[in-house]
Amino acid sequence: MAADVHKKKGWEVPNGSLAPGNGQHAERSESPTPGLAQGTEPGKGQSAGQEGAMFVHTRSYEDLTSPEDGGAVVRSPEERRGEPAEPTSMEQISKDFSELSTQLTGMALDLEEEMRQSQEGKLEPSPQATRHDSVLSGKEEEDVTMDTWRMHRKHVFVLSEAGKPVYSRYGSEEALSSTMGVMMALVSFLEAEKNAIRSIHADGYKVVFVRKSPLVLVAVARTRQSEQEIAHELLYIYYQILSLLTWTQLNHIFQQKQNYDLRRLLAGSERITDNLLDLMAHDPSFLMGAVRCLPLAASVRDAVSTSLQQAKAKSLVFSILLSGNQLVSLVRKKDQFLHPIDLHLLFNLISSSSSFREGEAWTPICLPKFNSSGFFHAHISYLEQEMDLCLLLVSTDREDFFTVSDCKRRFQERLRRRGVHHALQEALRTPFYSVAQVGIPDLRHFIYKSKSSGLFTSPEIEAPYVREEEKERLLGLYQYLHSRAHNSSRPLKNIYFTGPRENLLAWVTSAFELYICYSPLGTKAGAISAVNKLMKWIRKEEDRLFILTPQTY
Amino acid sequence: MSGRRVDAKVVLLGQEGVGKSSLVERCVHRRFRAGPYQNTIGAAFVAKVLSVGEQTVTLGIWDTAGSERYEAMSRIYYRGARAAIVCYDLTNSSSFQRAKFWVNELQNCEEGCRIYLCGTKSDLLEEDRRKRDVDFHDVQDYADEVKAEFFETSSKTGQNVDELFQKVAEDYVQFSAFQEMTEEKGVDLGQKSSSYLYGCCHH
Ligand SMILES: Nc1nc2c(ncn2[C@@H]2O[C@H](COP(=O)(O)OP(=O)(O)OP(=O)(O)O)[C@@H](O)[C@H]2O)c(=O)[nH]1
Ligand SMILES: [Mg+2]
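Residues numbered from 1 in each chain as written. Chains lettered and ligands numbered in written order. Predicted model: local features only at pLDDT ≥ 70, side-chain atom pairs only at ≥ 80, totals over all residues. Heavy atoms only, no water.

## Here we look at the interface of chain A and chain B
With 33 residues of chain A at the contact, the number on the chain B side is 29 residues. The junction of chain A with chain B conceals about 2700 Å² of combined surface from both sides, 52% of it contributed by carbon and sulfur atoms. Taken together, the connections running from chain A to chain B amount to four salt bridges. With a shortest N-O distance of 3.0 Å, Glu358 of chain A and Arg31 of chain B are connected by a salt bridge. At the boundary of chain A with chain B, the tally comes to 15 residue pairs in polar contact (both at pLDDT 80 or more). For the side of chain A that touches chain B, the secondary-structure elements that each account for two or more residues are helix H8 (227-245), helix H10 (263-266), helix H11 (270-282), strand E10 (360-365) and helix H15 (401-418) of chain A. Considering each element in turn, the side of chain A that touches chain B owes the most residues, five residues, to E10 of chain A. Among the residues forming the side of chain A that touches chain B, the class breakdown is 15 nonpolar, 10 polar and eight charged. Relative to strand E2 (residues 43-52) of chain B, E10 of chain A is paired through two bridges, and the arrangement is antiparallel. The residue of E2 of chain B that forms the bridge with Glu360 of chain A is Phe45 of chain B. (Contact = heavy atoms within 4.5 Å. Buried area = accessible area lost by both parts, 1.4 Å probe. Salt bridge = Lys/Arg side-chain N within 4 Å of Asp/Glu carboxyl O. Polar contact = N/O pair within 3.5 Å; in protein donor to acceptor, adjacent residues only side chain to side chain. Helix = DSSP H or I, 4+ residues; strand = E, 2+ residues; numbered from the N terminus. Nonpolar A, V, L, I, M, F, W, Y, C, P; charged D, E, K, R; others polar. Pairing = 2+ DSSP bridges.)

## As for the pattern of salt bridges
Any two side chains of opposite charge can pair, on the condition that their charged atoms come close. All names here are of chain B. The tally for this structure, following the rule as stated, stands at 33 salt bridges over all chains. The salt bridge involving Arg31 is made with Glu25; its shortest N-O contact spans 2.6 Å. Of the residues examined, Glu25 reaches a relative accessible area of 10% and is grouped as buried. Asp128 serves as the salt-bridge partner of Arg130, at 3.3 Å between the closest nitrogen and oxygen. Given the relative accessible area of 73%, Arg130 is considered exposed. On the accessibility criterion, Asp128 (23% relative accessible area) is partly exposed. (Buried < 20%, exposed > 50% of the residue type's maximum accessible area, 1.4 Å probe, protein only.)

What follows is the structure in structure tokens.
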């Protein structure tokens, strides 16, 4: 099995822009006055740049594909020498992506039609309102009806390059082997080159292939998600597999034996992958490429973070406290940044298994965006039986269980001493806030992402989005807005969408992304004043909704 | 890996799904969860305090994952173990082959580790005796050969589970009493009766 994460050299993130000097002692800067100009967005916390940031710079799904990405993945020297080095493949993917999307915009007729209308409207509050603004007509809504959405099952298959089934979301891989064979033929027909993405449109379905040698990932989707977003989800699945095996081991296995049956090694992990696919369909974290925080009074959060920070050990790299899929606190080693994708994988791992409820788990885990060649060891435990509060201590030393376990004990002791236990319990009772708190009657729901912090905030999804399908439909609308806003050939800064069921607005700047959903009776002018009011509210609440002062050991 | 908090390290090994976690759950929480099978990820640690005569023994139990994925890592979980409970499913003979693999591994790498063979899910045999896939006498012969203890348990009914862990604790006390006495060891005031004191009383 692959060597553990390199203790020294392997950690240095080579790219200076990704790992700035630490700013952990910097006091939190005075909150900038509420304003909508870029750079003064709420939720940003400390001054400029990455100082004291929690994650590496996040740029939603492009993040997965940009050349910059290669810099975030740190490799061992051995691996750097090896020829199929990943940076090349990521660049390749990035290149393929851009080629692909130009090609695809021509193919997808509905998008073309949309583009014709994209010149019409303009949204006032944006300082950089440009010709990229777009108003989508309500007739778009026709296609986004309940029936369509209910059918938007997405099939996902993973196979080896030799065509052996590795994972299938529905049905057994065995029964699907023939399908896999057909897919394999398609893949080789479509792409002789390694590490590429291709897609086919047929009969209202999109078939998206992502080839990440030695694996091929395929999605057959009936959804309005763009190819890029589907590919993004497939990449998550790929990273999920890496988190169990490491990139090094995966490649080693297939170098030894091309037609190896990977299911042997992945046995028991199907549940984790299933859960990841479900989560991606329900939780906007993945779409946003950002992390949501548990709403918590700043004083309580600070006490938690300080307790966590004090319960340190030499081998610890990250201490993470989470509840549900929300972040309560994160303390990291100086100069070490956790990528949101890695954190999402950890969230998924924990939410997919009830086995962590008992005792203290000690498990090897690879954080593929941090270092895809080695394992960390994670100590995973719940603080209390009936409390949804899970502590994750990520260590570099697999022999260090008792030291790390002692960190947990010390953390709990400090929490008790600081007397925040009760406040924490109280906060866990209402892990989501209601949009009514904002005080805008027409406002139904929103997602606000602060790009520099990699965090986002969003209220609970409430009426009329009560049933599961309705919730999924809402997320689908956001997905759609998101893909329109980030279309690589024609990115849109503002999108205003009116429909019979709801109106939607998206506003993307270099500093933040805002998506709001409000009553179909609301006017555009109303929406604009709502945005202003909402931004002020988020500003006012920012120290409860975000982590503004990230800590290091 | 050794900890101050525990007296004896105990590791559970065996093919996935044979019932290692259920065995620990029964021993520690006195319950059985029928629900869907949740395979262990990596390994789970739990401490269990047992009394042996006048003294208490804290077993540090490592419930490992049976998945092959973790095989290469298994050493870190069994290294330094005083006892290994090697489990197999009484209704599945392939799981007994896997148990033999673990016994070999332990004999090669962990000489000081006592081996307890544990045939699980005996309640299934009570329902239908034809379900037995691993012969009692075969295992007994094998156990003699490798100097292992041998139990057949059910985590569902609780049959033999306490006996198994009690035996582990007793053997630990018996085998370590002499060593404990001669070793330098700090006295932990938090712990009422330590094996050290126990050792003293008997000599
Ligand atoms: N009838 C019966 N079922 C059992 C017994 N012990 C375990 N099982 C069932 O067997 C399945 C697997 O049990 P686990 O205890 O999770 O197995 P494990 O050995 O820990 O598996 P891994 O963690 O994957 O290595 C579960 O569905 C249990 O309910 C038993 O004594 N009787
Ligand atoms: Mg288990």
